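Given next are the chains, with one letter for each unit.
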Amino acid sequence: MAALAPKPRNRAHFAVRFASSALRIAAVLAIAAGAAGTFGLANLSQIPGTENLALPPIATIIAGVFIVALAVVFALILWGFADGLVLLADLDDAQRDVQRQLADLVLAQRTARGPFHKEAVEMKALEEKALR
């Protein structure tokens, strides 16, 4: 008898790898955008026509810290989602490995030809020889 179902194959998980890489790139870009926003806010008074929009120095520092903090939090969230996708792919691979191993065990039990068939036959021959 054969196994109940065909053994599951490993997947390449290209879409998961692509999505996690895109999320990590977006996280790095979020950090860069936060830094660029803070730099732009600090240098706002140097742009002609924006002298009235410039903040006092302490407000600029507080706003800059707030912008960078939000960018870092957003980047950490994106990076965490990317790691979660990779963990889901690893979980899928592990479940497929277990299913393959169970299929091998079921097949070995049904056919009595497991991975140690040669050793089992030799042991049985030795037992028969000892009984004679």
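Quick note: structure is the one above.
First, a word on what this report is: a plain description of the structure on this page.

Each value, and the rule that gives it
- Residues numbered from 1 in each chain as written.
- Predicted model: local features only at pLDDT ≥ 70, side-chain atom pairs only at ≥ 80, totals over all residues.
- Heavy atoms only, no water.
- Helix = DSSP H or I, 4+ residues; strand = E, 2+ residues; numbered from the N terminus.
- Rg over C-alpha atoms; globule rule 2.2 N^0.38 Å.
- Contact = heavy atoms within 4.5 Å.
- Areas by Shrake-Rupley, 256 points an atom, 1.4 Å probe, with all protein chains shown as cover.
- Buried < 20%, exposed > 50% of the residue type's maximum accessible area, 1.4 Å probe, protein only.
- Phe/Tyr/Trp six-rings, centres within 6.5 Å; stacked < 30°, edge-to-face > 60°.
- Lys NZ or Arg CZ within 6 Å of the ring centre and 35° of its normal.
- Expected span 1.5 Å × (residues − 1).
- Salt bridge = Lys/Arg side-chain N within 4 Å of Asp/Glu carboxyl O.

**Structural notes on the overall build of the protein chain**
Counting secondary structure elements, the protein chain contains three helices and zero strands. Listing every helix and strand of the protein chain by position from the N terminus yields α-α-α. In terms of overall dimensions, the protein chain is more spread out than a globule: its C-alpha atoms have a radius of gyration of 31 Å, far above the 14 Å expected for 132 residues. Once local pairs closer than 6 in sequence are excluded, the contacts in the protein chain between residues at least 24 apart make up 83%. In the form shown here, the protein chain has an accessible surface area of approximately 10300 Å², with 71% of it arising from carbon and sulfur atoms.

**Section: unusual backbone geometry**
Unlike most non-glycine residues, His13 shows phi in positive territory, near 55°. Structurally, the position occupied by His13 is in the segment before helix H1 (14–42). Residue His13 is classed as buried on the basis of its relative accessible area, which comes to 15%.

**Looking at the side chain of Arg96**
With respect to the helices, strands and loops of the structure, Arg96 is situated in helix H2 (residues 57–111). In contact with Arg96, not counting residues within four places along its chain, are Pro8, Arg9 and Arg11.

**Some details on the packing of aromatic side chains**
Scanning the entire structure with this criterion turns up one aromatic pair. We note Arg24 situated over the ring of Trp79; from NZ or CZ to the ring centre the distance is 5.2 Å.

**Overview of H1**
For H1, with 29 residues, the first-to-last C-alpha span of 42 Å sits near the 42 Å given by 1.5 Å per residue. Along H1, the residues classified as buried are Ser20, Ala27, Ala30 and Gly34.

**Section: the pattern of salt bridges**
One pass over the structure, following the stated rule, counts three salt bridges. Here Asp92 ties to Arg96 by a salt bridge, and the two come within 3.3 Å at their closest N and O atoms. With Asp92 and Arg96 both in helix H2, this residue pair falls four residues apart, about one helical turn. A salt bridge links Asp97 to Arg100; the nearest nitrogen and oxygen atoms lie 2.1 Å apart. Placement of the pair is Asp97 and Arg100 together in helix H2, with a separation of three residues, close to one helical turn. Assessed through its relative accessible area of 32%, Asp97 is described here as partly exposed.

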